[in-house]
Amino acid sequence: MSRSVLVTGGNRGIGAAIATAFVEGGDKVAVTYRSGEPPEGVFGVRCDVTDTASVEAAVDEVRSQQGPVEVLVANAGIARDALFLGMAEQEFADVIDTNLMGSVRAVKAVVTDMVRARWGRIILVGSTTAFWGGAGVTNYASSKSALVGLARSLAWELGPRKITVNVVYPGLIETEMISSMSAKSREHVLANTPLKRVGTPQEVATAVRFLADDGAGYITGALVPVSGGNGMGH
Ligand code: NDP
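Within every chain, residues take consecutive numbers counted from 1 along the sequence as written. Selection of residues for local features in this predicted model requires a pLDDT of at least 70, selection of side-chain atom pairs for listing and counting requires 80 or more, and totals for whole chains, interfaces and linings are taken over all residues.

By the naming in an unreviewed UniProt entry, the protein chain goes by 3-oxoacyl-(Acyl-carrier-protein) reductase and is assigned to Actinoalloteichus hymeniacidonis. If you open the UniProt record of the protein chain and go to Sequence similarities (unreviewed entry), you find "Belongs to the short-chain dehydrogenases/reductases (SDR) family." UniProt positions are given in the numbering used here, feature names are shortened, and annotations may be inferred rather than shown by experiment.

In structure tokens, the structure reads:
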């Protein structure tokens, strides 16, 4: 079955791996991007998830190109780490605006079509940080833990329409996002990771594709870790 899939922030990192995995599964795949290029075989739409009009325009373009979005992966995200005492209010707000509100805008833009179709898959990309917190990540942890409440409340609202809403939460994954992380911080995370290694974007994509599958239709409001066991138990 070929579905219309949209991945936000799909030009690189985890989002690009997710988009490629759906292409390999035979789906029609679109990504939003601000910089770089979309992966091969994928329809790219320019979009900034902090801008509602930009998200709505992107979803309109995707609808014209490949039909209403049936599978949404809200993946676009940023980190702006700083200790809370020194963190500017704007640094906090920017992370919430991208990670939480960007996901909200993406869901808002696609959900009416899903309700009409009486079928849909919404997958939000969270983080183990949502549960552990950490020094320097008050903004990021707040944004990612809010996705849990968003997903679980949407699961109640949309369940009767056969729309599932789940969170995949990665641990440490090798992408640009963690490139500036110190060796000491990496070691600290790996010490608390049973599998003792960093994950790959493809491993996150595997979980996302599973949740989007027709056979995963009885899974909603779930938090699915892809973290080597780090932060398990939610
Ligand atoms: P990257 O930094 O490699 O990629 C982030 C993606 O988000 C890029 O495509 C980027 O686009 C996009 N993006 C950021 N801000 C916006 C915006 N305002 N509008 C549109 N797109 C935007 O990160 P990852 O691939 O590692 O992260 C993907 C997701 O996974 C994020 O939500 C992140 O929080 C989460 N995650 C990552 C972990 C890791 O260890 N890597 C761990 C846990 C969660 P552009 O290229 O244009 O900037």
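## A short note on the pairing of strand 6 (residues 163-170)
Both faces of the sheet carry side chains from a regular strand, because those side chains alternate between them. Most of strand 6 sits out of view: 8 of its 8 residues are buried. Burial is judged by counting the other C-beta atoms within 10 Å of a residue's own C-beta: 20 or more makes it buried, 12 or fewer makes it exposed, and any count in between marks it as partly exposed, with every C-beta position built from the backbone. The helix and strand labels rest on DSSP assignments: H or I over at least four residues marks a helix, E over at least two residues marks a strand, and numbering proceeds from the N terminus. Residues Ile163, Val165, Val167 and Tyr169 line one face of strand 6 and the alternating positions Thr164, Asn166, Val168 and Pro170 line the opposite face, and both faces are buried. For two strands to be treated as a pair, DSSP must find no fewer than two bridges joining them. Here strand 5 (residues 120-125) pairs with strand 6 via 6 bridges, running parallel. Counted as the bridge partner of valine 125 is valine 168 from strand 6. Where strand 6 and strand 7 (residues 223-226) come together, 4 bridges link them in parallel fashion. Across the sheet, the residue bridging to tyrosine 169 is proline 225, located in strand 7.

## Side note on the UniProt feature "domain: Ketoreductase" (unreviewed entry) in the protein chain
Per the UniProt record, "domain: Ketoreductase" (unreviewed entry) is found at residues 3-175. Helix makes up 47% of residues 3-175 and strand 18%. Its end C-alpha atoms lie 27 Å apart.

## Remarks on the packing of helix 1 (residues 13-24) against helix 7 (residues 201-212)
The N-to-C vectors of helix 1 and helix 7 enclose an angle of 50 degrees; their axes lie 8 Å apart at closest approach. Here helix 1 is positioned oblique relative to helix 7, judged by the angle of their axes. The interaxial crossing formed by helix 1 with helix 7 has right-handed handedness. Together, Gly13, Ile14, Ala17, Ile18, Ala21 and Phe22 of helix 1 and Pro201, Gln202, Val204, Ala205, Thr206, Val208 and Arg209 of helix 7 make up the contact between the two elements. Only Asp, Glu, Lys and Arg are considered charged in this grouping, and only Ala, Val, Leu, Ile, Met, Phe, Trp, Tyr, Cys and Pro are considered nonpolar; every other residue, Gly among them, is considered polar. A breakdown of the residues in the contact of helix 1 with helix 7 according to their chemical character gives 9 nonpolar, 3 polar and 1 charged. Orientation is described by lines fitted to C-alpha atoms, with helices fitted over the stretch in contact, and by angles between N-to-C directions that extend from 0 to 180 degrees. Any angle from 65 to 115 degrees is called roughly perpendicular, while one under 35 is roughly parallel, one over 145 is roughly antiparallel, and all others are oblique. Throughout, a crossing is termed right-handed when the near helix is turned clockwise from the far one, and left-handed when it is turned anticlockwise from it by less than a right angle. Here, residue contact means that the backbone-derived C-beta atoms of the two residues sit within 7 Å.

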